[in-house]
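Residues per chain, in single letters:
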Amino acid sequence: MSRTGRMMKIELLNEVDSTNLYIKKYVAGSEDVIVCASKQTGGRGTKGRSFFSQEGGVYLSALSFYRDLPAERAFCIMTHAAVAVCRTAERFGVAPEIKWPNDVLVSGRKLCGILIENGISDGKVKYSIVGIGLNAENDLSALNGIAVSLSEAAGRVVPAAAARDGLIENLQKHDSFGEYLSYIRFIGREVTVTEDGRVYRAAARGVLADGRLEIEENGMIRALSAAEISLKI
Ligand code: BTN
């Protein structure tokens, strides 16, 4: 069942270029679908980057259709995906945190990336493709310590199939914006903001429901929509 109570098709693939690309063939229909692959040959990340997608990870795309979701509320799609990943990590004894807006980390290392592609017309989200790459039992040694798998974080093997099944289950559950906020650990702390090439220190005050990050710099409060932030060490 999907979150809307509709039956959901689930397709498992051994190998594909990108599940986000593959699932687009279902956009012409009306059925919610999840596609999951054991590996990707052309995994796509945000900002046109590639995404390391070797066997042992979970590479999943979920296509959902919406009837009446205003485009300005589209951030709830991101929060739902991030919370589903966090709940999945916790199921295996791993404590996740969200790096705003869309990375899930464990002790500062990337556990999961999320790439969302929305189909918007007339100010409404008609459909969304939520692409999730979750490290489960894959060898990440080529990434020089910037990424971590569930297995490494848990200290025991977490099979990719178990992580995939947990993630699919959690994607079909409801959650709240408050739960998303509870995983953002840097709120109230000093962060380094990189914004249009400018790098400065600011206090992270919160994340607004529309997805913007509220910061305070020299007594001025602003909401940022497209900045890269990093935590003070
Ligand atoms: C990022 O961190 O830059 C986002 C990575 C998103 C990767 C997932 S893996 C499943 C889906 N298919 C893709 O090609 N990308 C997303």
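On a predicted model such as this, the values are computed, not experimentally measured, just so you know.

Thresholds applied
- Residues numbered from 1 in each chain as written.
- Predicted model: local features only at pLDDT ≥ 70, side-chain atom pairs only at ≥ 80, totals over all residues.
- Heavy atoms only, no water.
- Pairing = 2+ DSSP bridges.
- Helix = DSSP H or I, 4+ residues; strand = E, 2+ residues; numbered from the N terminus.
- Axes fitted to C-alpha atoms, helices over the stretch in contact; angles between N-to-C directions.
- Contact = heavy atoms within 4.5 Å.
- Near = heavy atom within 4 Å.
- Polar contact = N/O pair within 3.5 Å; in protein donor to acceptor, adjacent residues only side chain to side chain.
- Nonpolar A, V, L, I, M, F, W, Y, C, P; charged D, E, K, R; others polar.
- Disulfide = S-S within 2.5 Å.
- Buried < 20%, exposed > 50% of the residue type's maximum accessible area, 1.4 Å probe, protein only.

A.B. asks: Just to check I follow, could you spell out the sheet that holds strand β5 (residues 103-106) for this structure?
C.D. replies: Two orientations exist for strands paired in a sheet by backbone hydrogen bonds: parallel and antiparallel. Read from one edge to the other, the open sheet built from 7 strands follows the order β1-β2-β3-β7-β6-β5-β4, with strand pairing classed as mixed. At either margin of the open sheet sits one strand with a lone partner, and together these are β1 (9-16) and β4 (97-99). Shown here is a sheet whose adjacent strand axes are inclined to one another by a mean of 20°, direction ignored. The pairing of strand β2 (residues 33-40) with strand β3 (residues 57-70) spans 5 bridges and is classified as antiparallel. Counterpart to alanine 37 in the pairing with β3 is tyrosine 59. Each of β1, β2, β3 and β7 (124-135) is contacted by helix α4 (residues 160-171), which is oriented at about 10° to β3, the strand it contacts most.

A.B. asks: Quick question: what am I supposed to make of the site of the ligand here?
C.D. replies: Surveying the vicinity of the ligand reveals 20 residues, the closest of which are Ser18, Gln40, Arg44, Thr46 and Lys110. Side-chain polar atom of serine 18 to an oxygen atom of the ligand: 2.7 Å apart, as the coordinates give it. Threonine 46 has a polar backbone atom sitting 2.8 Å from an oxygen atom of the ligand. Where the shell around the ligand is concerned, the elements lending two or more residues are α1 (19-22), β3, β6 (109-121) and β7. Looking at the shell around the ligand, the element that brings in the most residues is β6, giving 4 residues. When its residues are assigned to classes, the shell around the ligand shows 6 nonpolar, 11 polar and 3 charged.

A.B. asks: It is not clear to me how the environment of leucine 12 should be interpreted in this structure. Could you clarify?
C.D. replies: Looking at the secondary structure, you find leucine 12 in strand β1. In this structure the C-alpha to C-alpha distance between leucine 12 and alanine 160, which are 148 residues apart in sequence, comes to 12 Å. Dropping the residues within four chain positions of it, leucine 12 is found in contact with Cys36 and Arg164.

A.B. asks: What's the story with the state of the cysteines in this structure? I'm lost.
C.D. replies: Cysteine pairs can be covalently joined through their sulfur atoms, and such a bond is termed a disulfide. Taken as a whole, this structure holds 0 disulfides when the rule is applied. Cysteine 112 provides the cysteine sulfur closest to cysteine 36, a residue in no disulfide bond, and the two sulfurs are 12 Å apart. Note on cysteine 36: relative accessible area 4%, which makes it buried. In this structure cysteine 112 is not part of a disulfide, and its nearest cysteine sulfur, from cysteine 86, lies 8.2 Å away. On the accessibility criterion, cysteine 112 (1% relative accessible area) is buried.

A.B. asks: I would appreciate a short explanation of the environment of valine 106 in the present structure.
C.D. replies: With respect to the helices and strands, the residue valine 106 is situated in strand β5. Valine 106 sits 44 residues away from leucine 150 along the chain, and the two C-alpha atoms are 8.9 Å apart. Residues contacting valine 106, with those up to four places away along its chain left out, are Val94, Ala95, Pro96, Leu111, Val148 and Ala153.

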